[in-house]
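A closer look at the structure
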Number of protein chains: 2
Amino acid sequence: MTVASTPHEGPLYSECRTLADNARAASRQLATIRGEAKDRWLVRAIAHLAAGRDEILAANARDLAAAPGYGLSSAAIDRLKLNEKRLDDLANAVQGVRALPDPIGEVVQSSRRPNGLEVQQVRVPLGVIFFIYESRPNVTVDAAALCVKSGNAVILRGGKEALHSNRAIYARLVDALIESGLPQHAVQLVETTDRDAVGHLLGMADRIDLAIPRGGESLIRRVAAEARMPVMKHFHGNCHVYVDDSANLSMAERIIVNSKVQRPGVCNAAETLLVHRAIAPTFLPQVAAALDAAGVEIRGDEVARSLVPSVVPATPADWDTEFLDLILAVRVVDSFEDALDHIERHGSGHTEAIVTGQFLAAREFMNRVDSSCVVVNASTRFNDGGELGLGAEIGISTDKFHARGPCGLRELTSTKWIVQGDGQIRG
Amino acid sequence: MTVASTPHEGPLYSECRTLADNARAASRQLATIRGEAKDRWLVRAIAHLAAGRDEILAANARDLAAAPGYGLSSAAIDRLKLNEKRLDDLANAVQGVRALPDPIGEVVQSSRRPNGLEVQQVRVPLGVIFFIYESRPNVTVDAAALCVKSGNAVILRGGKEALHSNRAIYARLVDALIESGLPQHAVQLVETTDRDAVGHLLGMADRIDLAIPRGGESLIRRVAAEARMPVMKHFHGNCHVYVDDSANLSMAERIIVNSKVQRPGVCNAAETLLVHRAIAPTFLPQVAAALDAAGVEIRGDEVARSLVPSVVPATPADWDTEFLDLILAVRVVDSFEDALDHIERHGSGHTEAIVTGQFLAAREFMNRVDSSCVVVNASTRFNDGGELGLGAEIGISTDKFHARGPCGLRELTSTKWIVQGDGQIRG
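This paragraph deals with the overall build of chain A. The helix and strand inventory of chain A stands at 15 helices and 17 strands. Here the C-alpha radius of gyration of chain A, 24 Å, is about what a compact globule of 427 residues would show, namely 22 Å. With the C-alpha coordinates aligned to their principal axes, the bounding extent of chain A is approximately 70 × 65 × 50 Å. Classification of the 427 residues of chain A by burial places 51% in the buried group. Taking all contacts inside chain A whose residues are at least 6 apart in sequence as the whole, residues at least 24 apart take part in 71%.

As C-alpha cells, this is what we get:
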C-alpha cells in the first residue's frame, strides 16, 4: 500500500504550515498555563460575544441569505441559523465548560515504589487539535471552549456556508484571548475555503496531535482516510432497544417511545425495536398505538405485521439503517440469544438498551453487548456527556482506542509520568 | 492524498481473512471469559513450555544455524537465541503476568445521577491485536500472555529468522489454550513468510482493533504507514539528563553513569548530558573520569572540551542521535532555560531527568518538559513498566493518544459505559 500525498509546497501549503506552527507554539504555552487564566478567557469570551451580538447576527444573516445558493437543505439551514435564544444557549454552554474542573494536572494514578521513588501519572494536554465541522456556527464556540479548557490549541475549520458567522464569532474569541493573557494562536480559524487546506493540515502529524471531524459520514471517512495523525471518530448510531419477556410493559413503552421520539435526528435515538415472542401479542399492539400517536412509521418483520396490520414491511436494509427520523424497525425475536445475535449482526456499537425484570438477563446483556453504552431499563438517549456526568462533550466516539462513548475534557488529554527521587539508580 | 491498496483477493488474502475472522470470533468469547480461565491458561502454558523444552531448543538450533545465511548481526543472533536460563526467565515472566490483577471489569469511574441512574465506566478488551515483531522468540510468549490476560485475541507475526522457534512455542501455547477451555484462536501465528500477509492484515480495520509493531524504526514506520487501524508506536528514546547548578554532584555522577551505562542498548538509556555552566568546571572532570572508567566515549561541545581535553568534538548530528551504545553527548548550558530549550529542540519525548537541589527548578522541569516520563533526582532507566508499578509491559509508547509511556495490561483495554435504571426517560 502506498500513499500519494498532496505536494508539500505552494502558498496554500505555507499558509497551513504557519497556522500549524503558530498552534504548536501556542500549545506549548497553554500546557503550563494556570486554570484560572483559561477560565478568565471563557468569561471574557461570553462578554465579547454578548457585546458583538449585532455584528454576529448580521454576519449570520449574510450566510443565511447565501445558503440556498449552496443548496443547503432546510434542516442544514436551521443548524446554520443563529438568533438571540441560540446565542443565550451558547453563552450558557461556555459557562458550563468554565464550571467544569480543570482536567490538567489531575493525578490518574500514583504509588510509592519499594525503592522510595514517588511515581505519579498526571494528565497533560494532547497539544494541537484540528477540528473540522459543518456549517454550525455554535460549534465554533463549543469546540474552542472545550479544547482550550483542556489546555490544547485548536485549529477550526467550519463549513464554507458559515464563514461570515464564524469570522464574526472568531474575532470575539481572539479579543478575549488577548485580553485574558492567553496566547493569541490558542484558537485559529482556517479562513480559506480551499478544500486542499484540509488535506495539507491532515498531513502535518508533526505539528497536529489529533483531528476531530464532526458531521456526516462522508466527512468523517474523508478525514480518517487522509489524516496522518489520530482521528477521534464519531460514526453513526444504529441503536437498539430489546424488550425481554420479563419486561414491565408500560415501562418498555415509555422507554422505546422516548428513545425514538424525544429527538429522532440524533445518534443515540433508537432505530430498531426487538421484542421477545412471548410478549409480542400483548406488547406490540400497545406500543404501536403509542408510536403511531407520536407520528412514528413502523417497519416490521412478518410476525410484527401479523400482530399489527398497520405495520409496513421491513426491507433487509432497514435493519442496518440509521433513520434519524420518525421511523422504527421492529422485529420479533424467539429468544434473548436471538436478540443479542441481531444486535451483533446489525448494531453499530453505539448504544443498546434492554428492558427486563430479570437480574440474569440484565447482567448478561451488560456483559455481552459490545457497545459504547449499554443501558438497562432506561432510554438510549442517556448516552450523552451531560447525562453521564462528564459535562459538555465534543462528540460520542464509536472507536475503542483512546476514547469510547461521550468525549469530554478528559478525553482531550494525554498523560505523562512524573518520577521523584533522592538519588535512586537501577541495580 | 490517495491510498493505493494491496488487491483484496488471492489465496494469501483469503488466508489472512480467515485468520482475522477466527481472531474476531475468539475475541468475542474472550471478552466475557472469567479471569480464572485466563490465569489457568497461563499456568498450563508454563507447564507445556517446560514439557516441550527439548523440542523448542531443537527448533531454535535450526533457526540459529540458518541465521548467518539471513545476514543477522551477532546482536540479533543473541536476541534469537534460547537456552535453559532464558526459558526459565520466560516462565517467570508469564508467572508475573498471571499474578497481575485482571484489568477487565475494573470500574474506571462511576456516579449516581440526580435522576437515579447508576452510571459506570468499565474496562473491556480492545478486541483483536495484531502484533508484529522481529526475531525474538521470547516475545511470542510475552505478547500472547499480555494480550490474552487483557481479554484480547492476538495475531502474532514474528521475524522469519525465528519461524521454527516460534512454531514450536506456538504449538505449546495452543495445547494450553485447548486444555484450559479458552478459544483455540485466542492466539494465532502467521506462519507464512510472505511479507504481503502483513499488508493484508494491516488493511483489515474491520476485524483488527490495534496493530503493535515492536522492533526497529523502519518496521514501525512501515506499519504506521500501512495500518488502517490504530497503531501503538514505540519510537526511539533520545533521553537527556540535566545537571542543575544546585545539584548534589556525587548524586549527579551516580545518576548519569547509571542512566548511560546500566544497559546502554535500551530506549530509556541517556544519550545526552546537559551541565549548568556554573558547576561544569568542577563536575565535568569528575564525571568524565567516572564515565571513562565505565568505557564511555564522551562527545562534547567546545566548553566541555576546554574543561576535559580527552573529550571528542560533538557533531551537530550527535545531539539528535540515539547511540544505544557507550557514547554520550555532553553540552554545557548557560541556564536552566537553555537546558529546556535544548531538550525541546532535540528530545524525542521519551524520558528526561533533572538533578537538582532546588524545589522550584524541579517543579518547573516536571511541568514544562513534554516527555512520556520526567524524572527528578533519579536514573532515566526507571521509565519501565515494572519500575513504575504496572507489572509487565508490551512496549513504551511515544505517542500521546490512548497510551503514553510504558504500556501494561490497562493500555491494552478500552472501556464501555453501563447505565442502570428503573424506567428513566429524558425530558
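This next bit is on the sheet that holds strand E6 (residues 187-189) of chain B. Residues and elements named next belong to chain B. The four strands lie next to each other as E6-E5-E4-E7, forming an open sheet whose pairing is parallel. Lying at the two open borders of the sheet, with one neighbouring strand each, are E6 and strand E7 (210-214). Between one strand axis and the next, the sheet turns through 20° on average, direction left out of account. Inspection of the sheet shows strand E4 (residues 128-133) paired to E7 by five bridges, in the parallel sense. Counterpart to tyrosine 133 in the pairing with E7 is arginine 214. Contacts from helix H6 (residues 137-149) reach E4, strand E5 (153-157), E6 and E7, with the element oriented near 160° to E5.

Residue and element names in this part refer to chain A. Mapped onto the fold, aspartate 206 is located in the loop between helix H8 (196-202) and strand E7 (210-214). Here aspartate 206 falls in the exposed class, since 10 other C-beta atoms lie within 10 Å of it. Sequence spacing of aspartate 206 and serine 111 is 95 residues, and the spatial spacing of their C-alpha atoms is 33 Å.

Turning next to the domain arrangement of chain A. Per the domain assignment, the segments making up chain A are domain 1 (11-110 + 118-235) and domain 2 (239-385). Summarising the inter-unit geometry, the C-alpha centres of domain 1 of chain A and domain 2 of chain A are found 36 Å apart.

So, on to the relation of the copies chain A and chain B. At an RMSD of 0.1 Å, chain A and chain B line up after a rotation of 180° and a shift of 0.0 Å along the axis. Accordingly, the operation relating the two chain copies is best matched by a two-fold axis. For chain A, the residue whose C-alpha comes nearest the rotation axis is A:His402, separated from it by 1.9 Å. A share of 100% of the interface residues of chain A reappears at the interface of chain B, consistent with the copies meeting face to face through the same patch.

Moving on: helix H13 (residues 336-346) of chain A. Residues and elements named next belong to chain A. Listed in full, the buried residues belonging to H13 are Phe336, Ala339, Leu340 and Ile343. Along the axis of H13, the buried positions cluster into a sector of 95°, meaning they face one direction only. With respect to the buried face of H13, the exposed residues turned more than 90 degrees away are Glu337, Asp341 and Arg345.

So, on to the interface of chain A and chain B. Often the size quoted for an interface is simply the accessible area lost on bringing the parts together. If you look at the interface, chain A gives 62 residues, while chain B gives 62 residues. Elements represented by at least two residues in the side of chain A that touches chain B include exactly strand E1 (2-4), helix H9 (217-226), helix H10 (249-261), helix H14 (359-368), strand E14 (373-378) and strand E17 (413-424) of chain A. Ranked by the residues each element gives to the side of chain A that touches chain B, the list is headed by E17(A), at 11 residues. Taken together, the residues of the side of chain A that touches chain B sort by class into 25 nonpolar, 25 polar and 12 charged. In this structure, E17(A) lies alongside strand E14 (residues 373-378) of chain B, joined through five bridges in parallel fashion. Residue pairing across strands places A:Val419 opposite B:Val375, the latter belonging to E14(B).

Counting buried positions along E7(B) yields five of five residues, so the element is predominantly enclosed. Of the two faces of E7(B), the one carrying B:Leu210, B:Ile212 and B:Arg214 and the one carrying B:Ala211 and B:Pro213 are both buried.

A few words now on the sheet that holds strand E9 (residues 270-276) of chain B. Taken together, 10 strands build an open sheet; the order of strands is E2(A)-E3(A)-E17(A)-E14(B)-E13(B)-E8(B)-E9(B)-E12(B)-E10(B)-E11(B) and the sheet is mixed. The open sheet terminates on both sides in strands that have one partner only, identified here as strand E2 (107-112) of chain A together with strand E11 (312-313) of chain B. Bridge count for E9(B) against strand E12 (residues 327-333) of chain B is five bridges, and the pairing is parallel. Across the sheet, B:Thr272 pairs through a bridge with B:Ala329, a residue of E12(B).

Mean pLDDT for chain A: 95, with 98% of residues reaching 70 or above. Model confidence for the complex is summarised by a pTM of 0.94, with the ipTM given as 0.94.

It is worth spelling out the pairing of strand E3 (residues 118-125) of chain A at this point. Two faces, one strand: in a regular strand the side chains alternate between the faces of the sheet. Residue and element names in this part refer to chain A. Of the pairings in the sheet, the one linking E2 to E3 comprises five bridges and is antiparallel in character. Following the sheet pairing, arginine 112 is matched in E3 by glutamate 118. Here E2 folds back onto E3, and the loop between the two strands holds five residues, one of which, glycine 116, carries a positive phi near 90°. By the bridge criterion, eight bridges tie E3 to E17 in an arrangement that is antiparallel. Along E17, the bridge assignment pairs glutamate 118 with glutamine 420.

Moving on: unusual backbone geometry. The residue A:His402 is not glycine, and still its phi comes out positive at about 70°. By the element assignment, A:His402 lies in the loop between strand E15 (395-397) and strand E16 (405-407). Judged by local crowding, A:His402 falls into the buried class, with 20 C-beta atoms found within 10 Å. With a phi close to 55°, B:Leu324 is a non-glycine residue in the positive phi region. Positionally, B:Leu324 belongs in the loop between E11 and E12.

What follows covers the packing of helix H2 (residues 35-51) of chain A against helix H6 (residues 137-149) of chain A. All names here are of chain A. Packing of H2 against H6 brings their axes to within 10 Å, and their N-to-C directions diverge by 165°. The orientation of H2 relative to H6 falls into the category roughly antiparallel. Two packed elements cross with a definite hand, and for H2 against H6 that hand is right-handed. Taken together, the residues of H6 that come into contact with H2 (itself represented by Lys38, Trp41 and Leu42) are Ala145, Val148 and Lys149. Looking at the contact of H2 with H6, its residues break down into four nonpolar, no polar and two charged.

Residues and elements named next belong to chain B. Helix length check: helix H11 (residues 280-293) (14 residues) gives 19 Å between terminal C-alpha atoms against 20 Å at 1.5 Å per residue, within 8%. All of the buried residues along H11 are Ala280, Phe283, Leu284, Val287, Ala288 and Leu291. Here the buried residues of H11 occupy an arc of 125° about the axis, which is enough to place them on one side. Of the exposed residues in H11, those oriented more than 90 degrees away from the buried face are Thr282 and Ala293. Close packing links the buried residues of H11 with strand E8 (239-243), helix H10 (249-261), E9, strand E10 (297-300), helix H12 (302-307) and E12. One or two positions beyond H11, positive phi appears at glycine 295, with a value near 85°.

Residue and element names in this part refer to chain B. Two elements in contact, helix H3 (residues 53-66) and helix H7 (residues 163-179), have axes whose closest approach is 7 Å; the angle formed by their N-to-C orientations is 165°. The angle between H3 and H7 falls in the class roughly antiparallel. For the pair H3 and H7, the sense of crossing is right-handed. When H3 is examined against H7, the residues Glu55, Ile56, Ala59, Asn60, Arg62 and Asp63 are found in contact with a partner set consisting of His164, Ser165, Arg167, Ala168 and Ile169. In terms of residue class, the contact of H3 with H7 is made up of four nonpolar, three polar and four charged.

All names here are of chain A. Residue placement: isoleucine 77 occurs in helix H4 (residues 74-80). Taking the C-alpha atoms as reference points, isoleucine 77 and arginine 136, separated by 59 residues in sequence, lie 9.1 Å from one another. Ignoring any residue separated from it by four or fewer positions in sequence, one finds isoleucine 77 in contact with Leu64, Ala67 and Leu72.

Here we take up the environment of B:Val261. Residues and elements named next belong to chain B. Tracing the chain through its elements places valine 261 in helix H10. Along the sequence, valine 261 and glycine 295 sit 34 residues apart, while their C-alpha atoms lie 8.7 Å from each other. Once you skip the residues sitting within four places of it in the chain, valine 261 turns out to touch Ala294, Val296 and Leu326.

What counts, and where the lines are drawn
Residues numbered from 1 in each chain as written. Chains lettered and ligands numbered in written order. Predicted model: local features only at pLDDT ≥ 70, side-chain atom pairs only at ≥ 80, totals over all residues. Helix = DSSP H or I, 4+ residues; strand = E, 2+ residues; numbered from the N terminus. Rg over C-alpha atoms; globule rule 2.2 N^0.38 Å. Buried ≥ 20, exposed ≤ 12 C-beta atoms within 10 Å, placed from the backbone. Contact = placed C-beta atoms within 7 Å. Pairing = 2+ DSSP bridges. Axes fitted to C-alpha atoms, helices over the stretch in contact; angles between N-to-C directions. Domains from an automatic or database assignment. Least-squares fit on C-alpha atoms with pLDDT ≥ 70 in both. Arc of directions from axis to C-beta. Nonpolar A, V, L, I, M, F, W, Y, C, P; charged D, E, K, R; others polar. pLDDT = per-residue confidence, 0-100. Parallel < 35°, antiparallel > 145°, perpendicular 65-115°, else oblique. Left-handed = near helix turned anticlockwise from the far one by under 90°. Expected span 1.5 Å × (residues − 1).

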